[in-house]
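# Understanding the architecture of this molecule
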Amino acid sequence: MSDTIDIAPEVAEALAAGKPVVALESTIISHGMPYPQNLETARAVEQDVRDNGAIPATIAVIGGRCKIGLLPEELEYFAKGSDILKLSRRDIPYCIAKKRDGATTVSATMILAGKAGIRVFATGGIGGVHRDLAGNYDVSADLTELGKTSVAVVCAGAKAILDIPKTLEHLETLGVPVIAYGTDEFPAFYSIESGQKSPLRLDSPDEIAAFLKSKWEFGLEGGVVIGNPPEADKALAREAIEGAIDDALAAAKTQNILGRDVTPFLLERVTKLTEGKSLDANIALVRNNARLGAKIAVAMAG
């Protein structure tokens with residue numbers, strides 16, 4: 001393992017003992033939510049993992065050192081910090097070489113979790129194929145990472161601002177299994193329904209753990225998407241959120257927002273348009289995914 005990786009003692013002890021560990025990303029803290037909700041959510045998500053029998057390992061880069069597990073003061077630093085890079089696969093070496101601070105996206109978190117030997121990662125939603133692909137050809141690096149890095153990603157589906165049918169097609173091309181947990185339909189982040197049937201359905205953490213073991217023990221490398229629908233009382237109606245997303249997309253186009261700036265812009269805009277309801281739903285679904293991720297990690301360790 002690279003000598004630029006520091007594993008927190010609690011996480012290292014758990015891994016050495018074969019105990020369940022769940023990776024958590026840091027971009028959702030520094031770029032995905034406003035303060036103080038981001039810090040409150042980060043703390044709550046770590047506690048959700050603990051309450052369900054696993055050890056949380058929030059991942060980030062600090063001063064060029066890759067951190068697998070953050071201290072409480074480091075969580076607060078990422079929640080308040082303003083000069084923190086947003087790291088995908090391509091950005092990790094720059095951040096290390098320049099000794100910068102960086103928050104890991106899904107793809108970067110998968111890479112560092114995989115290097116540390118963590119197989120389960122809980123997040124909000126994965127990136128994917130953006131709408132109006134012909135106009136900007138924006139496809140998230142999360143998808144290619146899922147095709148090569150053997151980490152299971154528990155999420156509420158792809159972010160609702162994306163083209164979900166094209167995202168599912170792209171995952172199929174990459175050979176990435178897509179599982180819906182307890183439902184036949186692939187979830188749509190804020191909403192339970194996406195209108196898209198999930199390729200696979202499994203109904204318990206034990207079933208998912210058995211699937212993951214069979215995939216990797218057979219030698220099929222690469223990740224797995226586990227789509228966990230938001231809780232019914234916390235989810236937003238698909239029709240209601242679509243109007244806000246359309247408005248946000250139009251604003252992004254008018255303001256020429258491109259590349260890595262698109263997703264945070266759209267999420268912030270949707271939060272304003274829904275008067276905070278989308279942020280509440282986002283927080284709830286991240287915590288719901290953390291709970292399921294912990295249960296899967298426990299089942300895999302059993």
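In what follows, the structure referred to is the one given above.
All figures in this text were calculated on a predicted structure; none of them were measured in a lab.

Right, let's get into the packing of aromatic side chains. Summed over all chains, the structure comprises two aromatic pairs. Measuring from ring centre to ring centre gives 5.6 Å for Tyr77 and Phe78, while their planes differ by 85°; the resulting arrangement is edge-to-face. For the ring pair Phe189 and Tyr190, a centre distance of 4.7 Å and an interplane angle of 70° mean the geometry is edge-to-face. In this structure Tyr190 comes out as buried when scored by relative accessible area, which is 2%. The ring of Trp216 carries the charged tip of Arg119 above its face, separated from the ring centre by 4.4 Å.

Another aspect to go through is the side chain of Ser107. Among the secondary structure elements, Ser107 is positioned in helix 6 (residues 106-116). Using a relative accessible area of 0% as the deciding quantity, one classes Ser107 as buried. Non-local contacts of Ser107, meaning those with residues more than four positions away in its chain, are made with Ser88, Arg89, Ala141, Asp142 and Glu145.

Attention shifts here to the layout of surface pockets. Empty space within the largest pocket amounts to approximately 670 Å³. The wall of the largest pocket is formed by 31 residues, among which Lys86, Thr105, Ser140, Arg260 and Thr263 lie closest to the centre. Elements represented by at least two residues in the lining of the largest pocket include exactly helix 2 (27-30), strand 5 (85-87), helix 6, helix 8 (141-146) and helix 12 (262-273). Broken down by element, the lining of the largest pocket gets its largest block of residues, three residues, from helix 12. Each residue belonging to the lining of the largest pocket can be placed in one class, and the counts come to eight nonpolar, 15 polar and eight charged.

The N-to-C vectors of helix 10 (residues 205-217) and helix 13 (residues 277-301) enclose an angle of 60°; their axes lie 8 Å apart at closest approach. The angle between helix 10 and helix 13 falls in the class oblique. Judged by the sense of rotation from one axis to the other, the crossing of helix 10 with helix 13 is right-handed. For the pair helix 10 and helix 13, the contacting residues are Pro205, Asp206, Ile208, Ala209, Leu212, Lys213 and Trp216 in the first and Leu292, Lys295, Ile296, Ala299 and Met300 in the second. When the residues that make up the contact of helix 10 with helix 13 are grouped by side-chain class, the tally is nine nonpolar, no polar and three charged.

Following the criterion strictly, the structure yields one cavity of 30 Å³ or more and no others. Every residue lining the largest cavity is listed: Leu24, Glu25, Ile28, Ile29, Thr41, Ala42, Val45, Thr58, Leu75, Ala122, Thr123 and Val286. Listing elements by their share of the lining of the largest cavity, those giving two or more residues are helix 2 and helix 3 (37-51). Looking at the lining of the largest cavity element by element, the count peaks at three residues for helix 3. When grouped by side-chain class, the residues that make up the lining of the largest cavity number eight nonpolar, three polar and one charged.

What follows concerns the side chain of Thr123. Of note, Thr123 is situated in the loop between strand 7 (120-122) and helix 7 (133-136). Here the side chain of Thr123 touches Glu25 through a polar contact of 2.4 Å, side chain to side chain. Beyond its immediate sequence surroundings of up to four residues, Thr123 is in contact with Glu25, Val106, Val153, Val154, Cys155, Val286 and Asn289.

By the bridge criterion, three bridges tie strand 1 (residues 5-7) to strand 4 (residues 65-68) in an arrangement that is parallel. The residue of strand 4 that forms the bridge with Ile5 is Cys66. As paired strands, strand 3 (residues 55-62) and strand 4 are joined by four bridges and run antiparallel to one another. Residue pairing for strand 4: Val61 is matched across the bridge by Cys66.

Reading the values: the criteria
Residues numbered from 1 in each chain as written. Predicted model: local features only at pLDDT ≥ 70, side-chain atom pairs only at ≥ 80, totals over all residues. Heavy atoms only, no water. Phe/Tyr/Trp six-rings, centres within 6.5 Å; stacked < 30°, edge-to-face > 60°. Buried < 20%, exposed > 50% of the residue type's maximum accessible area, 1.4 Å probe, protein only. Lys NZ or Arg CZ within 6 Å of the ring centre and 35° of its normal. Helix = DSSP H or I, 4+ residues; strand = E, 2+ residues; numbered from the N terminus. Contact = heavy atoms within 4.5 Å. 1 Å grid on protein atoms, 1.4 Å probe; cavity = no way out; pocket = protein on both sides within 12 Å on 5 of 7 lines; lining within 4 Å. Points joined across faces, edges and corners; volume = space filled by probe spheres on them. Nonpolar A, V, L, I, M, F, W, Y, C, P; charged D, E, K, R; others polar. Axes fitted to C-alpha atoms, helices over the stretch in contact; angles between N-to-C directions. Parallel < 35°, antiparallel > 145°, perpendicular 65-115°, else oblique. Left-handed = near helix turned anticlockwise from the far one by under 90°. Polar contact = N/O pair within 3.5 Å; in protein donor to acceptor, adjacent residues only side chain to side chain. Pairing = 2+ DSSP bridges.

So yeah, pure geometry; function would need other evidence.
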